[in-house]
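# Fold and geometry: a report
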Amino acid sequence: MLEVSNLMVFYENALALNDFSMKVTKGSIVAIIGSNSAGKTTLMNTLSGLIIDTKIKEQRKGGERITLYGTISLDGEDITELYPSERVKKGMVLCRERHPIFPESDLVENLRIAAYLRARSELKEAIEYVFHLFPTLMRLKTRKAGFLSGGEQQMLTIGMALMVKPRLLLLDEPLLGLSPLMQTTLVEAIKRIRTETGLTIVITEQFARPILPMIDHGYIIENGMLTLDGSGLELMENPEVRGAYFGV
Ligand code: ATP
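For the structure given in this document, a descriptive report is provided here. (Residues numbered from 1 in each chain as written. Predicted model: local features only at pLDDT ≥ 70, side-chain atom pairs only at ≥ 80, totals over all residues. Heavy atoms only, no water.)

### Here we look at the overall build of the chain
For clarity, the threshold we go by: Labels follow the DSSP assignment, with helices taken as runs of H or I lasting at least four residues and strands as runs of E lasting at least two, numbered in each case from the N terminus. Computation of the radius of gyration draws on C-alpha atoms alone. For the globule rule, the value is 2.2 Å times the number of residues to the power 0.38. We call a residue buried when its accessible area falls under 20% of the maximum for its residue type, exposed when it is over 50%, and partly exposed in between, using a 1.4 Å probe and counting protein chains only. Note on contacts: a residue pair is in contact if any heavy atoms of the two residues lie within 4.5 Å.
From N to C terminus, the chain includes eleven helices and ten strands. Since a compact globule built from 248 residues should have a radius of gyration of about 18 Å, the 18 Å found for the chain is in line with a globular shape. Within the chain, the proportion of its 248 residues that are buried is 50%. Taking as baseline every contact in the chain between residues at least 6 positions apart, the subset at least 24 positions apart corresponds to 68%.

### Let's talk about the sheet that holds strand β4 (residues 66–74)
Backbone hydrogen bonds are what pair the strands of a sheet, in a parallel or an antiparallel way. Cut-off, in case you're wondering: For two strands to be treated as a pair, DSSP must find no fewer than two bridges joining them. The convention used is that axes are lines fitted to C-alpha atoms, helices contributing only their stretch in contact, and that angles between N-to-C directions extend from 0 to 180 degrees.
Strands sit in the order β2-β1-β4-β5 across an open sheet of four strands; the sheet is antiparallel. What marks the edges here is a single partner per strand, and that holds for β2 (14–24) and β5 (77–78). With two bridges joining them, β4 and β5 adopt antiparallel strand pairing. Opposite L74, over in β5, you have E77 as the bridge partner. Each of β1 (2–11), β2 and β4 touches helix α1 (residues 40–48); the most contacted strand, β1, lies at about 120 degrees to it. Sheet strands in contact with helix α2 (residues 50–60) are β1 and β4, and its direction is about 145 degrees off that of β4.

### Side note on the packing of aromatic side chains
Where we set the bar: Stacked, tilted and edge-to-face are the three classes assigned to paired rings of Phe, Tyr and Trp, where Trp is represented by its six-membered ring and a pair needs centres within 6.5 Å; plane angles under 30 degrees give stacked, over 60 edge-to-face, the rest tilted.
Counted under the stated rule, the structure contains two aromatic pairs. Plain terms: the ring middles of F10 and Y69 are 6.3 Å apart, the flat faces sit at 90 degrees to each other, and that makes the pair edge-to-face. Residue F10 is located in strand β1, and its partner Y69 is located in strand β4; the two are separated by 59 residues in the primary sequence. Note on F20 and Y219: the rings are 6.0 Å apart at their centroids and 70 degrees apart in plane angle, and the pair reads as edge-to-face.

Just distances and angles here, no functional claims.
What follows is the structure, encoded as structure tokens:
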């Protein structure tokens, strides 16, 4: 479904992604695991097109700080140069850590706003699915998004991404800053999204332990470079991965 080939991203002279390639098959969960500054957010911003947006804005101001090489294709179509909004229309939706867009609006209003591309007739069912996935959110539906806890905001952010009706969901560090209990809740929800909707999911994370058991394939990146890839099981059994990302 998604194929990334020889991606290189420079911020001025600094190389943030170095010749990174990966393949994501339809209906799978794929993870990119890396520690701080490994290049995870750069990869997600490149996949979602946000980096193209930034690059073009900078060019208009007369600067050229970001350089991009390589290709990204979705279902065989080259989307490397597409704007984020065009990628969303093709079903690629990025969910960044805790970004309720409207903190002054209540939880349900946020879900509705996120569904701007969908027919009104689909809204009720879509909101019910988010509540089915995260029953906690149903109890908080009239609360202002800005007053939700970190974990609740993260659930809402994932709910908002689902309201867009993605085919490919990009989750950038969904477990960051959450308690182990909340991490488990989110991992269970991500598994259910895949089994219940058949969505394809790409996750970046520094916490390998909760993520690896549910993934089909994982890529380990260090300093923007791919160092290892394999099935979730292979990575879980790898002593280097355990040493670096399991705190063993
Ligand atoms: P973290 O988990 O700490 O968020 P990350 O894996 O998401 O890290 P990135 O944010 O992609 O890593 O950063 C990769 C490298 O690129 C880092 O060295 C970072 O300092 C650099 N970088 C990221 N964004 C920019 C930018 N806008 N301008 C210059 N350098 C940047």
